[in-house]
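Observations on the model geometry
Read off the chains here:
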Amino acid sequence: MKTFNPDAMGEKLLRRFAGGTSRRGILARLGLALVAAPVFPVLPVSRASAAKPDRSPEAKTTFARNAQSKDDTKCDYWRYCAIDGSLCSCCGGAVNRCPPGAEHSPVSWVGTCINPDDGRAYLIAYRDCCGKSYCNKCDCDGTDRETQLYVPQLNNDVIWCFGTTSMEYHCSTAVLVGTA
Amino acid sequence: MMKVQRKSSLSARARYSAAALCALALLGSANAANAADPLQPDPELEAVTLSAPKPSWVFVERGFVAPGTTIYDTDTGKMLGQVETSHLSDLGLDPNGKAYYVAESIWSKGLRGTRQDMITVYDSATLKLKSEITIPGRILIGGRKFNFVIADAGKTAYVYNLDPASSVNVVDLTKGKFVKKIELPGCASLMPVTGVGFSALCSDGSLATVKVAAAKPEITRSAPFFSATNDPIFDNFGYDGVKQEAVFLTYTGQVYTVKLGATPTISEPFSIQAAAGVSPADTKPLDVHWYPGGRQGLAYHSGTGHAFVLMHTGEYWTHKEPGTEIWELDVAAKKVVKRIPLEDPAEEIAVTQEPNAKLIVSGSAGAGGSGALYILDAKTGEEKFKLEKSGGGVIRTLEP
């Protein structure tokens, strides 16, 4: 997986997060996670990925080869390559916005998805919308580069409603962070 | 509808005859009833009680949407009761058969209010609340077997937490008290290690082992042996607490066996596909192979050392695809000894630890749904029972 660089993804995401939140409690916990980050070395993985990414169809996953960019209420919409849960775009929200009354989680798991229109890989932050009961519409489960619980930032089963007033999971958004 | 149509098609004469016959029959039964004693009123109502859990019992979570864990007897296919497990909670089985433990998180006002994390203790006979043990927190996630584990012959519990730094809460079940919190950066999925504490899988591809009793818990790590991002080990793995062994399976189908201890020994891996005589799988796109998958895709029978794995065909990164076959793997012999095709693709699999083991398989119904639960004879693959809308979440059996 030459396209895969968890360190850079994490940095981009956390910079974005740091600019947009003021919750000290969650920051303290995140700080601990960040301090701890060097202890669990994902570095060998990112160093190995220094080569230029291969974007040929032969290098794409099943999801990426079949993804579309027109309808964000369908599971095969390109940003949903590693989403899990109800699409907020089917629950009164949008691909990157929570439905009325739900609260964006400031943190998220991430995915690297390829846009079929320009062939570029983008970092997608799957930010849960929280505080309302499960929407249970348009349930999708993209699993590109999705791993297990010991790499939580790449696991899509965790309830990511950290730092919100309620941890009840409602639906998931797919926020474009930048090129991967 | 059919009944009404048949009735209305009777001729008037036939209806009169039928009425006369009914009247006679009623008269007859009234006479018979008079001759015997009348039915006695029901006694004071008391809820049914249960025996201690048996190896033939299975505990089935109802999935992401519905709370409650259902107990079935795989000998009869009958539901015996329900342990009250709240949304995203984890059930722990007391090896002494006295209690059911539920690690759970609830809020004082339903979806809002003050968060309360606890281990709730239920009596195994009455399934009534015995006590609550307050803990500082726990992870919220569905579908995992190793976030809440019972150790030391039922005396200790370990509860995994992610907030989003990761840690483990140590609980003394005998005293009903939270003992301490151990920071565990970059690792998750807990395996009790006798006389030591626990081991966990880590994001650097190592196995961490934590000495719990020390004043400052000592964490040692094995040399990295797998890739946590390119070929991860499924975090629902096989574990045998008595033999202190674990069986790990990666997304591509590599199988590792681990002898747990203060210094664990990790075997060289082998391919489950090669063990079945088919081509080993890889991580390349467009390569179609048999891959392991599902949400709880591996069940381990300690008595025989056989693992039962849900397998499907497809490309890499399809690790949540339900299985269309069960592969029975003799782990020591590195040989797939049987393949059982499944009509209804399965998300979860478990095995009873009886000598004549039964497989319990939960059919796929999509997120939020509740698929059928199948009880199969592990030897023949024959379906013994099919229970509609009874699957959906983690399946547990009594394990050594």
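Chain A is annotated in an unreviewed UniProt entry as Methylamine dehydrogenase (amicyanin) from Novosphingobium fuchskuhlense. Annotation of chain A in UniProt includes, under Pathway (unreviewed entry), the sentence "One-carbon metabolism; methylamine degradation; formaldehyde from methylamine: step 1/1." According to the UniProt record, the Subcellular location (unreviewed entry) comment for chain A reads "Periplasm".

1. Side note on the UniProt feature "binding site: substrate" (unreviewed entry) in chain A
Residue and element names in this part refer to chain A. Taking the UniProt record as the reference, the feature "binding site: substrate" (unreviewed entry) is found at Asp84, Asn156, Asp157 and Val158. In terms of the greatest pairwise C-alpha distance, the residues named above, spread along 75 residues, form a tight cluster of at most 9.5 Å across. Mapped onto the elements, aspartate 84 comes out in strand β1 (residues 84-86). Excluding residues within four positions of it along the chain, aspartate 84 makes contact with Asp141, Asn156, Asp157 and Ser172. Structurally, aspartate 157 can be placed in the loop between β6 (139-141) and β7 (169-172). The exposure class assigned to aspartate 157 is buried, which follows from the 22 C-beta atoms found within 10 Å.

2. Here we look at the sheet that holds strand β10 (residues 166-172) of chain B
Residues and elements named next belong to chain B. One open sheet holds the 4 strands; their spatial order is β8-β9-β10-β11, and the pairing between them is antiparallel. Since the sheet does not close on itself, it has two edges, and those belong to β8 (148-151) and β11 (177-183), each with one partner. The mean inter-strand angle of the sheet, taken between neighbouring strand axes irrespective of direction, is 25 degrees. The sheet contact formed by β8 and strand β9 (residues 156-162) spans 4 bridges and is antiparallel. Across the sheet, alanine 151 pairs through a bridge with threonine 156, a residue of β9.

3. Things to note about the interface of chain A and chain B
Accessible area lost on assembly of the parts is the figure often given for the size of an interface. On the side of chain B, 41 residues touch chain A, which itself brings 43 residues to the contact. Contributions of two or more residues to the side of chain A that touches chain B are made by α2 (24-36) and β6 of chain A. Of all the elements, α2 of chain A adds the most residues to the side of chain A that touches chain B, at 5 residues. Split into classes, the residues belonging to the side of chain A that touches chain B amount to 24 nonpolar, 10 polar and 9 charged.

Cut-off values and rules
Residues numbered from 1 in each chain as written. Chains lettered and ligands numbered in written order. Predicted model: local features only at pLDDT ≥ 70, side-chain atom pairs only at ≥ 80, totals over all residues. UniProt positions renumbered as here; feature names shortened; annotations may be inferred. Helix = DSSP H or I, 4+ residues; strand = E, 2+ residues; numbered from the N terminus. Contact = placed C-beta atoms within 7 Å. Buried ≥ 20, exposed ≤ 12 C-beta atoms within 10 Å, placed from the backbone. Pairing = 2+ DSSP bridges. Axes fitted to C-alpha atoms, helices over the stretch in contact; angles between N-to-C directions. Nonpolar A, V, L, I, M, F, W, Y, C, P; charged D, E, K, R; others polar.

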